[in-house]
Amino acid sequence: MMLLRPAPPITRERTTTAAPAVVHDLLVDVASWPLWSPHVVRNDPASGRVHPGWRGRVKPWFGPATTMEVTEVLPGGGMRWRTRALGHELRYAQLVSAAPGSGSRVVFTATVHGPLGPLVQRLAAPLSGYGQQRRLERLVLLAERTAA
């Protein structure tokens, strides 16, 4: 069997004038997800804050609901989580840190792990990157309005 070369992570980043704590709160608050993540139609549970080990069902407009498991919440720094689809594990990081000077730097990263992970990741990269960019733009706008 031929081994596939690893694919580069799908990554997008933005800076914002909002403080890292404001962005972090939006990332870990389940009720705010539909406000900055336009593909989310429904969450179960629909409210609360995530923590390591938190599991929930997330329904995107384009497919079936999947189980999301939060693997890490960094104090004031965002989270890492994973889900499974079509025999692969999708790993996500939505991280926030202080930007030089003031404000925040927000980085979204996605990787696909499994038998065809590198291939799937390469094929999904353009659409996934576009989705990350849209979510980042909405998150930054919401964070700046919340902080104002």
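Keep in mind the model is a prediction, meaning the values are calculated, not measured.

> Looking at this model, I keep getting lost on the nonpolar core. Mind explaining?
Across soluble globular proteins, you tend to see nonpolar side chains buried next to one another. Counting residues in each nonpolar core, the largest one holds 22 residues, and the members touching the most others are Val23, Trp33, Val50, Met68 and Leu139. For this core, the secondary-structure elements that each account for two or more residues are α1 (20–28), α2 (33–36), β4 (66–74), β5 (78–85), β7 (104–113) and α3 (117–147). For this core, the leading source of residues is α1, giving four residues.

> Just checking my understanding: could you explain the sheet that holds strand β6 (residues 88–98) for this structure?
Sheet strands pair via backbone hydrogen bonds, and the direction of the pair is either parallel or antiparallel. Across the sheet, which stays open at both edges, the seven strands sit in the order β1-β7-β6-β5-β4-β3-β2 with antiparallel pairing between neighbours. Each of the sheet's edge strands pairs with one partner strand only, and the pair in question is β1 (10–16) and β2 (40–44). When the angles between neighbouring strand axes are averaged without regard to direction, this sheet yields 25°. Along the sheet face, α1 touches β1, β4, β5, β6 and β7 and points at about 155° away from the line of β6. Strand contacts of α3: β1, β6 and β7, with the helix running at about 15° to β1, the strand carrying the most contacts.

Procedures and definitions
- Residues numbered from 1 in each chain as written.
- Predicted model: local features only at pLDDT ≥ 70, side-chain atom pairs only at ≥ 80, totals over all residues.
- Heavy atoms only, no water.
- Core = buried A, V, L, I, M, F, W, Y, C linked by side-chain atoms within 4.5 Å.
- Buried < 20%, exposed > 50% of the residue type's maximum accessible area, 1.4 Å probe, protein only.
- Helix = DSSP H or I, 4+ residues; strand = E, 2+ residues; numbered from the N terminus.
- Pairing = 2+ DSSP bridges.
- Axes fitted to C-alpha atoms, helices over the stretch in contact; angles between N-to-C directions.
- Contact = heavy atoms within 4.5 Å.

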